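# A structural walkthrough
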Amino acid sequence: MRFEVKALRGNEGMIALMLDAIDVADATAQAVAQNYTVISIKAKRSMLVLKKSSNYKFPLVLFSQELLALLDAGLALVEALETLAEKELRPEIKKTLKQIVDHLYEGHPLSYGLQHSDFNFPPLYVAAVRASEKTGALSEALSRYVTYQSQMDGIRQKVVSASIYPALLAGVGGLVMIFLMLYVVPRFSHIYADIGGDLPFMSRMLIGWGQLISDHSDQLMIVIVLVTGSLAFLFTRPSFKQWLTLAIWRLPTIGPRLHLYQLARFYRSLGMLLRGGMPVVTALQMVADLLQISLRDQLDMAAESIREGMSISLSMEQNGLTTPIALRMLRVGERTGKMGEMMERIASFYEEEMARWVERFTKLFEPLLMVFIGLMIGGIVVLMYFPIFELAGSIQ
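Our subject in this report is the structure included herewith. Computed from a predicted model, the values in this text were never measured in an experiment. (Residues numbered from 1 in each chain as written. Predicted model: local features only at pLDDT ≥ 70, side-chain atom pairs only at ≥ 80, totals over all residues. Heavy atoms only, no water.)

## A few points about the packing of aromatic side chains
To be explicit about the condition: Pairing of aromatic rings covers Phe, Tyr and the six-membered ring of Trp, with a centre-to-centre limit of 6.5 Å; geometry is then stacked below 30 degrees between planes, edge-to-face above 60, and tilted otherwise. Per-residue accessibility, obtained with a 1.4 Å probe over protein chains only, is compared with the maximum for each type, and a residue is labelled buried under 20%, exposed over 50%, and partly exposed between these values.
Evaluated as defined, the whole model comprises 12 aromatic pairs. Note on Phe 58 and Phe 63: the rings are 5.4 Å apart at their centroids and 70° apart in plane angle, and the pair reads as edge-to-face. Just as Phe 58 is buried, Phe 63 falls in that class too. Every member of this aromatic cluster is reached through a ring pair, and the members are Phe 58, Phe 63, Phe 119, Phe 121, Tyr 125 and Tyr 145.

## So, the layout of surface pockets
Empty space among the atoms becomes apparent when a probe as large as a water molecule is rolled across them. Put simply, the test is: A pocket here means an open set of points on a 1 Å grid, computed over the protein atoms alone, that has protein on both sides within 12 Å along at least five of seven lines. A cavity is instead a set of points where a 1.4 Å probe fits but cannot get out; residues with an atom within 4 Å of a point line either one. Grid points are joined across faces, edges and corners, and a volume is the space filled by probe spheres set on the points. In DSSP terms, a helix is any run of H or I states spanning at least four residues, a strand is any run of E spanning at least two, and both are numbered starting from the N terminus. Gly falls in the polar group here, along with every residue not listed as nonpolar (Ala, Val, Leu, Ile, Met, Phe, Trp, Tyr, Cys, Pro) or charged (Asp, Glu, Lys, Arg).
Quantified by volume, the second largest pocket comes out at close to 380 Å³. Surrounding the second largest pocket, 15 residues form its lining, Val 159, Met 354, Trp 357, Val 358 and Phe 361 being those nearest its centre. Per-element accounting of the lining of the second largest pocket gives the leading share, six residues, to helix α16 (residues 339–395). In the lining of the second largest pocket, the residues fall into 11 nonpolar, two polar and two charged.

## Regarding helix α1 (residues 24–33)
To keep things clear, this is the line we draw: Directions from the helix axis toward the C-beta atoms define the arc.
Within α1, burial applies to Asp 26, Ala 27, Gln 30 and Ala 31. Considered in projection along α1, the buried side chains sweep an arc of 135° and stay on one side of the axis. Turned more than 90 degrees from where α1 packs its buried face, Ala 25 and Ala 33 sit exposed. Remark: Asn 35 follows α1 within two positions and exhibits a positive phi of approximately 70°.

## Concerning the environment of Val 358
What counts is decided by this rule: Throughout, a contact is declared for two residues whenever any of their heavy atoms are within 4.5 Å.
For Val 358, the position within the fold is in helix α16. With 199 residues separating them in the primary sequence, Val 358 and Val 159 have C-alpha atoms 6.8 Å apart. Contact partners of Val 358, with chain neighbours within four places excluded, come to Lys 158, Val 159 and Ala 162.

## Some thoughts on the pattern of salt bridges
Heads up, the rule is: We count a salt bridge whenever a side-chain nitrogen from Lys or Arg sits within 4 Å of a carboxyl oxygen from Asp or Glu.
Tallied over the full model, the rule gives 10 salt bridges. One salt bridge in this structure joins Arg 257 and Glu 353, with 3.2 Å as the shortest N-O distance. Of the two residues, Arg 257 is situated in helix α11 (residues 254–275) and Glu 353 in helix α16; the sequence distance between them amounts to 96 residues. Taken individually, Arg 257 and Glu 353 each receive the classification buried, so the pair is uniform in this respect. One salt bridge in this structure joins Arg 307 and Glu 304, with 2.6 Å as the shortest N-O distance. Within this pair, Arg 307 and its partner Glu 304 are both found in helix α13 (residues 293–307), separated by three residues, close to a single helical turn.

## Some thoughts on the environment of Ser 150
What counts here: Polar contact is defined as a pair of N or O atoms within 3.5 Å, subject to the rule that within protein one atom must be able to donate a hydrogen and the other to accept it, and that residues adjacent in sequence are counted only when both atoms are side-chain atoms.
In this fold, Ser 150 is placed in helix α7 (residues 138–191). Separated by 89 residues in the primary sequence, Ser 150 and Val 61 place their C-alpha atoms 8.1 Å from one another. At a separation of 2.7 Å, a polar atom in the side chain of Ser 150 contacts the main-chain carbonyl oxygen of Val 146.

Geometric descriptors of this kind do not, in isolation, establish any biological role.
See below:
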């Protein structure tokens, strides 16, 4: 969120600043860090502006790994960023790195440079860097983010790789059935047109479908185009996406697993920010976007309870953001004072459970899908050739 800050500094008189911050307290802290005396702060809601960087992908993980290596080698932050900019061949990324370096030379912290560059750095990344600036542990923050992103990418890759074969199988099977129903069956319907009354009921239905397609092919193509265009339009509407997401979440088997995956991402991100030194309420606001819309109200209520003095474990439990295992581990984290580390352990536990479930599901789903597609294609072929078998029997 952007805040309009009116402040004083030295002999400069009254100055109006525009700061990107999480809340009023964060905006005040940023202004004070720049030696301003804050007079007033007002939230300013502006239209969403698409930056030029949306046309390219910044290699954030690689950038963090290289920056971490240079910092560990003893280079200063500015020197490390200048080194990365000098070796970069892609002009868009080189420009972004130079913008960050320019902000550092102006006296701004790294988080400010990340926020005000052409690339839209993830708020979670900026928050981790900002928290490290207060503790002086930038290397640790970068290392934690690289680990976090690698683990999240690993889960995503497991899900994608497990779904490739079923998707190919379903796609090829669907194309074969479409080819049979739109091309082969209409041609068989002309052959059997004269003996349609003596055919079995299912064969007559199939032949009738073929004749319908043959007689109204133009209208059918118009209907297909309209339906495809309507579906494409619906998938661009946020309301439809929200409805579809809620419908998937209500599925008896998939819904609870999606809930666990959301909690795993939530705990992983929250743990990373807490280990970086960020206050828990601010960290909860930063990770709210990672949760499904229906859970964000519960997170807001949990944050309010924590702000009022309730323990993290109890507020999470009362607002449906825990499981029995997570609740016990959160209580252990509160007793030991290692809440951030314990949240990351909760995330690891659920990520491993999700990986095992995806593996079991694909092993069961793939043969069932093959049987279903085989029965559908085999049924169509048998119904097409059944009249030939009937004719052969009558001749004998």
